[in-house]
Amino acid sequence: MSSAPVSFQTAHRLYVKSLYKRSLKLSLDWYIRRDLWRQKALDIRHQFELNKNVTSPKELQQIFAKTEKQLEEFAHPDPYKLPMGPEGTKWERNIPPRMFDH
C-alpha cells in the first residue's frame with residue numbers, strides 16, 4: 001500500500017513552515033528573554049511575509065538558498081537546551097535508584 005504523491009504546493013508549504021520554525025528556534029538561542037525575542041520573531045515573520053507572493057520557481061530557489069545560508073551563519077555555537085530536556089543541566093538529576101529483583 002503506497003501513499004499518494006505529495007503535491008508541489010504541499011511540499012512547498014511544509015518546507016516554508018520548516019524554515020520558519022527553524023528560524024524562530026534558532027533566534028531563541030540568541031535571545032533567551034522572551035520580551036527581547038518577541039521583536040526578533042516579528043522581524044522574522046516580516047521577512048517571510050515579504051516573500052509570500054513569490055511564485056517563480058527560480059526566485060523561490062534563490063530565496064530558499066539565501067535563507068538556508070542565513071540559518072547556517074546564524075547558528076549559535078552553544079545552543080540553549082531546556083534544563084529538564086536531554087543534555088540539559090537537570091537531565092536525569094535525582095533519578096530514582098534501580099531496583100533489582102533477586
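Residues numbered from 1 in each chain as written. Predicted model: local features only at pLDDT ≥ 70, side-chain atom pairs only at ≥ 80, totals over all residues. Heavy atoms only, no water.

Q: Explanation requested: the UniProt feature "domain: Complex 1 LYR protein" (unreviewed entry) in the chain in the structure shown.
A: Taking the numbering used here, the UniProt-annotated feature "domain: Complex 1 LYR protein" (unreviewed entry) corresponds to residues 16-73. Segment residues 16-73 splits into 84% helix and 0% strand. End C-alpha atoms: 18 Å apart. (UniProt positions renumbered as here; feature names shortened; annotations may be inferred. Helix = DSSP H or I, 4+ residues; strand = E, 2+ residues; numbered from the N terminus.)

Q: What exactly am I supposed to notice about the packing of helix 1 (residues 8-30) against helix 2 (residues 34-50) here?
A: Closest axis-to-axis distance for the helix 1/helix 2 pair is 10 Å, and the angle between their directions is 155°. Judged by the inter-axis angle, helix 1 sits roughly antiparallel to helix 2. Where helix 1 crosses over helix 2, the two elements pack in a sense that is right-handed. Where helix 1 approaches helix 2, its residues Val16, Leu19, Tyr20, Ser23, Leu24, Ser27 and Leu28 are matched on the opposing element by Arg34, Trp37, Lys40, Ala41, Ile44, Arg45 and Phe48. A class-by-class count of the residues in the contact of helix 1 with helix 2 yields nine nonpolar, two polar and three charged. (Axes fitted to C-alpha atoms, helices over the stretch in contact; angles between N-to-C directions. Parallel < 35°, antiparallel > 145°, perpendicular 65-115°, else oblique. Left-handed = near helix turned anticlockwise from the far one by under 90°. Contact = heavy atoms within 4.5 Å. Nonpolar A, V, L, I, M, F, W, Y, C, P; charged D, E, K, R; others polar.)

Q: Honestly, the side chain of Ser27 in this entry has me stumped. Any pointers?
A: Tracing the sequence through the fold places Ser27 in helix 1. Beyond its immediate chain neighbours, meaning those up to four positions away, Ser27 contacts Trp37, Lys40, Ile44 and Phe74.

Q: I would appreciate a short explanation of the side chain of Thr67 in the present structure.
A: Counting through the fold element by element, Thr67 comes out in helix 3 (residues 57-74). At a separation of 2.8 Å, a polar atom in the side chain of Thr67 contacts the main-chain carbonyl oxygen of Ile63. (Polar contact = N/O pair within 3.5 Å; in protein donor to acceptor, adjacent residues only side chain to side chain.)

Q: Would you explain the environment of Leu28 in this entry?
A: Within the fold, Leu28 resides in helix 1. The sequence separation of Leu28 and His76 amounts to 48 residues, and the corresponding C-alpha distance is 9.6 Å. In this structure Leu28 touches Arg34 and Trp37, once residues within four positions along its chain are discounted.

Q: Is there a simple way to explain the packing of aromatic side chains in this structure?
A: For any pair of aromatic rings, the description consists of the separation of the ring centres together with the inter-plane angle of the planes. Here the structure, examined in full by the defined rule, presents three aromatic pairs. Judged by centre distance (4.8 Å) and plane angle (80°), the rings of Tyr15 and Phe64 are edge-to-face. Of this pair, Tyr15 sits in helix 1 while Phe64 sits in helix 3; the two residues are 49 residues apart in sequence, bridging distant segments of the chain. Ring geometry for Trp30 against Phe74: centres 5.7 Å apart, planes inclined by 35°, an arrangement best described as tilted. Highlighted residues: Trp30 in helix 1 and Phe74 in helix 3, separated in sequence by 44 residues. The class of Phe74 is partly exposed, set by a relative accessible area of 28%. (Phe/Tyr/Trp six-rings, centres within 6.5 Å; stacked < 30°, edge-to-face > 60°. Buried < 20%, exposed > 50% of the residue type's maximum accessible area, 1.4 Å probe, protein only.)

Q: Looking at this structure, how should I read the pattern of salt bridges?
A: Oppositely charged side chains can pair when the atoms bearing their charge come close. Enumeration over the complete set of coordinates arrives at four salt bridges. The shortest N-O distance in the salt bridge between Arg33 and Asp35 comes to 2.7 Å. Of the two residues, Arg33 and Asp35, neither departs from the other in class, the shared state being exposed. Across the salt bridge formed by Glu49 and Lys52, the nearest N and O atoms sit 3.4 Å from each other. (Salt bridge = Lys/Arg side-chain N within 4 Å of Asp/Glu carboxyl O.)

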